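Examination of the molecular architecture
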Amino acid sequence: MIWIVTLTVLILFLLASMTVGAAMGNLGFVLTKVFSTLPFHRAMGEVVWNVSSNYNLFAIPLYIMLGQLLVKSGIAQRTYRAMDKWLSWLPGGLLHANIASSAIFAATSGSSVATAATMGTISFPECRRFGYNEGFFAASIAAGGTLGILIPPSINLIVYGFLTNTSIPKLFLAGIVPGVLLAILFMVIIFVVCVINPSVGSDSTKATMAERLTSLKDLVPIFMVFIVVLGSIYTGLATPTESAALGVLVATAITAYYKKLNWKTFVEATEGTVKTTGMIMLILFAAYFLNFIFISLGVTRQITEFIDALGFSPANTLFAIICMYIILGVFIETLSMMALTIPVVHPIIVNLGYDPIWFGVVMILLVEMALITPPVGLNLYVTQGVRGSGSIRDIILWIIPFVMAIVLMIMLLIKFPALALILT
Amino acid sequence: MMGIIKSLEKVSHWSVIVCGFLLMGMSLFIALEVVLRKFFSVSTKGADELSAYTFAIICAWSLSYTLIKKGHIRIDFLYTKLSFGLQRLLDVTSFLALAAFVSPMTYYTFKTLKTSIVRLSRANTPLQTPMWIPQGLWFLGILFFFIVVIVFTVVILKMAWQRQFQEMADFAGCPVLDEEIKEESGIDIKKIQGQGGDNK
């Protein structure tokens, strides 16, 4: 009964385009008023304080700041040029550079909008110069841009870890192998498509070995960020928050090295950071509050019992959950989707005997899929916006093989959970 | 009314700059802690705790800036399919709902602060921080967010009353993609489209 009310009210609030945080928070108030005589909502002050003084979550603004600084440093252009020199000999040419540089760049940047927009602006002039199929080219950027939330550091994984009380370092480590594999899968797809239908691909400037080796120096800074951020976590030297702080300092140094560090850069990077932090935190305050109300009123338990009573096998339940995410991803912005569903889905998954770290990675793959499936697939619109001409239909058509790759990756993970768990 | 909004934006802008310095300063402090721990096996015994307080202050003050920049997420799946008039109606209800959520949030966060002041609570850590200091700065951020929400709601209601629907759309509508890309990456789509449209 209570969860039917919950669902109805929530859908109504969201369809009315209420600010997502307010929708969740107000739902919490409504549920307490209707279904309880106890004033659970009075815990709100404590909830907001505990969430906003959560040491692990401090990594979020730091990683965003790190990404913002790197965008301003102009490192994306350098990475793209270097990747072009190394990969353009493959059938598909620049398309491989799109995937590889998005993967590298996105890994250090917190925003998939920023990644897709930045990579798009850099690469589209090249696309036109060499006469690539624009739809396929744009699709490769949209798909590549999603890799960043799987390859650590990932803000989505921090949010998952926070909402499920799962170890964030372990989640980061679990994301590495599937993230790299997915990037390779994307490149295999480009390779195959371009061998079957060479007209979609094209050439690029051929680089000599000497040019390639010189280009390596442009990759040094971004690999330094990688090593500091991931290395410090992997060796146990630093917590994710500490690694993020170290990363911010390295990114500041890189920005200074490229002579881009000035007052304007600092202000712009901070503005971007604060804006995204506020967006994430309002949702997390409300999600945590709503989750507290759910647990106090027994909603979470009821849903878990309901799923149990259905008597589905774990595999079938997992399949149903994955289908639910695919459908939700079509309508709802991804962070809101995570905050809304994880507190309820996580207990079900654990109850079925699945590993929460492993499911975190599956969840992120589903989010990546949501980012490139119409009608709400944000990355599609961003790349189309940067492309600036033609119809978005071209991109939607060519994104299909990339969506297939993500589906394949999810199936591989279900079949071989070790892919995620091997490094943890 | 617009004068008040201008001053709120100014306060918010300066709070963002302070947040930037807090982030950079805290990064340096954390780095110092990591180096000391690794190479000298000593700890500053406070980096974690101070990080948490810094974060709380940044969180609270970021909320208002995000609102001013239209950064708080609204699901626009149905919204974009509605008529101009219905969209304005949803803008009003959306702000009323935000006010309905933020008002009790401000009240209960004040209660939390008040409890810390009345009981003279101190953190259970080596620093023994009196809790009212970080919680006070944190609460001020939330209070400021509350003020911005209320002022914005009043402005929107006033605009609706005076039937200034275009102004309302600019002020409170869901952001369109061009704006969003520009905000996130500093790339101006309209400019690119002007250059690249017939470049095929």
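On a predicted model such as this, the values are computed, not experimentally measured, just so you know.

What follows is about the overall build of chain A. When its secondary structure is counted, chain A shows 20 helices and zero strands. Taking 424 residues into account, the globule formula puts the C-alpha radius of gyration at 22 Å, and chain A, at 22 Å, falls close to it. Once the C-alpha set of chain A is aligned to its principal axes, its extents read approximately 75 × 50 × 40 Å. Of all 424 residues assigned to chain A, the portion counted as buried reaches 64%.

In this section: the side chain of His96(A). All names here are of chain A. Inspection of the secondary structure puts His96 in helix α6 (residues 94–108). Residue His96 is classed as buried on the basis of its relative accessible area of 1%. There is a polar contact of 2.9 Å between the side chain of His96 and the backbone oxygen of Pro91. Discounting chain neighbours no more than four positions away, the residues touching His96 are Leu87, Leu90, Pro91, Met187, Ile190 and Phe191.

As a further point, take helix α7 (residues 112–130) of chain A. An α-helix turns once per 3.6 residues; consequently, residues spaced three or four apart project the same way. Residues and elements named next belong to chain A. For α7, built from 19 residues, the straight-helix expectation of 27 Å at 1.5 Å per residue is met to within 8% by its first-to-last C-alpha distance of 26 Å. The principal kink in α7, of about 35 degrees, is found at Ser123, preceding the proline Pro125 by one to four residues. Burial analysis of α7 places 16 of its 19 residues in the buried class, the great majority of the element. Of the residues one or two after α7, Gly131 is the one with positive phi, at around 70 degrees.

Now for a nonpolar patch on the surface. A cluster of nonpolar side chains, namely Val180(A), Ile184(A), Val188(A), Phe191(A), Val192(A), Val195(A) and Ile196(A), defines an oily patch on the protein surface of about 610 Å² accessible area. One can find Val192(A) in helix α10 (residues 168–196).

Looking now at the confidence of the model for chain A. Summing up the model confidence of chain A, the mean pLDDT is 86 and the portion of residues at 70 or higher is 98%. The secondary-structure element of chain A with the lowest mean pLDDT is α7(A), recorded at 81, while helix α12 (residues 240–257) of chain A shows the highest, at 92.

What follows deals with a positive patch on the surface. A contiguous patch of positive charge on the surface is contributed by Lys33(A), Arg42(A), Lys111(B) and Lys114(B). On the secondary structure map, Lys111(B) appears in helix α3 (residues 84–118).

Further remarks concern the interface of chain B and chain A. A common way to express how large an interface is: the accessible area buried when the components associate. Contact with chain B, which involves 70 residues of that partner, is made by 76 residues of chain A. Together, the buried faces of chain B and chain A total about 6,400 Å²; carbon and sulfur atoms form 76% of this surface. The interface formed by chain B and chain A holds one salt bridge in total. The closest approach of N and O atoms between Arg37(B) and Glu242(A), which form a salt bridge, is 2.9 Å. On inspection of chain B and its partner chain A, the count reaches eleven residue pairs in polar contact (both at pLDDT 80 or more).

We now examine the nonpolar core. Ranked by size, the top nonpolar core spans 219 residues in total, and within it Phe359(A) and Phe402(A) carry the most contacts. A per-element tally of this core places helix α13 (residues 263–297) of chain A first, with 18 residues.

In total, this model carries twelve salt bridges over all chains according to the counting rule given. Across the salt bridge formed by Asp91(B) and Arg88(B), the nearest N and O atoms sit 2.9 Å from each other. Remark: Arg88(B) and Asp91(B) occur in helix α3; sequence separation between them is three residues, near one turn of the helix. In this structure Arg88(B) comes out as buried when scored by relative accessible area, which is 4%. Overlapping salt bridges bring together Arg128(A), Glu134(A), Arg387(A) and Asp394(A) as one network.

Residue and element names in this part refer to chain B. When pLDDT is averaged along chain B, the result is 85; 88% of the residues meet or exceed 70. Segment residues 194–200: pLDDT under 50, and six contacts once partners within four positions in sequence are set aside and those in other chains are kept. Scored as a complex, the prediction yields pTM 0.90 and ipTM 0.90.

Right, let's get into the state of the cysteines. The tally for this structure, following the rule as stated, stands at zero disulfides over all chains. Free cysteine Cys127(A): the closest other cysteine sulfur is in Cys194(A), separated by 12 Å. Of the residues examined, Cys127(A) reaches a relative accessible area of 0% and is grouped as buried. No disulfide involves Cys59(B); its sulfur sits 9.2 Å from the nearest other cysteine sulfur, which is in Cys19(B). Judged by its relative accessible area of 0%, Cys59(B) falls in the buried class.

With that settled, consider the packing of helix α14 (residues 299–310) of chain A against helix α16 (residues 334–351) of chain A. Residues and elements named next belong to chain A. Between α14 and α16, the least distance of the axes is 9 Å, while the angle of their chain directions is 45 degrees. With respect to their mutual orientation, α14 and α16 come out oblique. In this structure, α14 crosses over α16, and the sense of that crossing is right-handed. The segment α14 lies against α16, with Thr300, Ile303, Thr304, Ile307 and Asp308 engaging Pro343, Val344, Pro347, Ile348 and Asn351. Looking at the contact of α14 with α16 residue by residue, the classes come out as six nonpolar, three polar and one charged.

This next bit is on helix α11 (residues 209–234) of chain A. All names here are of chain A. The end-to-end C-alpha distance of α11 is 33 Å, clearly below the 38 Å that 26 residues give at a rise of 1.5 Å each. A bend of about 40 degrees at Leu219 is the largest found in α11, and the proline Pro221 appears one to four places after it. The set of residues buried in α11 consists of Arg212, Ser215, Asp218, Leu219, Pro221, Ile222, Val225, Phe226, Val229, Leu230, Ser232 and Ile233. Within two residues after α11, Gly236 carries a phi angle of roughly 80 degrees, on the positive side.

Reading guide: rules and limits
- Residues numbered from 1 in each chain as written.
- Chains lettered and ligands numbered in written order.
- Predicted model: local features only at pLDDT ≥ 70, side-chain atom pairs only at ≥ 80, totals over all residues.
- Heavy atoms only, no water.
- Helix = DSSP H or I, 4+ residues; strand = E, 2+ residues; numbered from the N terminus.
- Rg over C-alpha atoms; globule rule 2.2 N^0.38 Å.
- Buried < 20%, exposed > 50% of the residue type's maximum accessible area, 1.4 Å probe, protein only.
- Polar contact = N/O pair within 3.5 Å; in protein donor to acceptor, adjacent residues only side chain to side chain.
- Contact = heavy atoms within 4.5 Å.
- Expected span 1.5 Å × (residues − 1).
- Bend = angle between axes of the 7 residues up to and from the residue.
- Patch = residues over 30% accessible without salt bridge, like charges linked within 9 Å, V, L, I, M, F, W, Y side chains within 5 Å.
- Areas by Shrake-Rupley, 256 points an atom, 1.4 Å probe, with all protein chains shown as cover.
- Salt bridge = Lys/Arg side-chain N within 4 Å of Asp/Glu carboxyl O.
- pLDDT = per-residue confidence, 0-100.
- Lys, Arg positive; Asp, Glu negative; His and termini not counted.
- Charge placed at Lys NZ, Arg CZ, Asp CG, Glu CD.
- Buried area = accessible area lost by both parts, 1.4 Å probe.
- Core = buried A, V, L, I, M, F, W, Y, C linked by side-chain atoms within 4.5 Å.
- Disulfide = S-S within 2.5 Å.
- Axes fitted to C-alpha atoms, helices over the stretch in contact; angles between N-to-C directions.
- Parallel < 35°, antiparallel > 145°, perpendicular 65-115°, else oblique.
- Left-handed = near helix turned anticlockwise from the far one by under 90°.
- Nonpolar A, V, L, I, M, F, W, Y, C, P; charged D, E, K, R; others polar.

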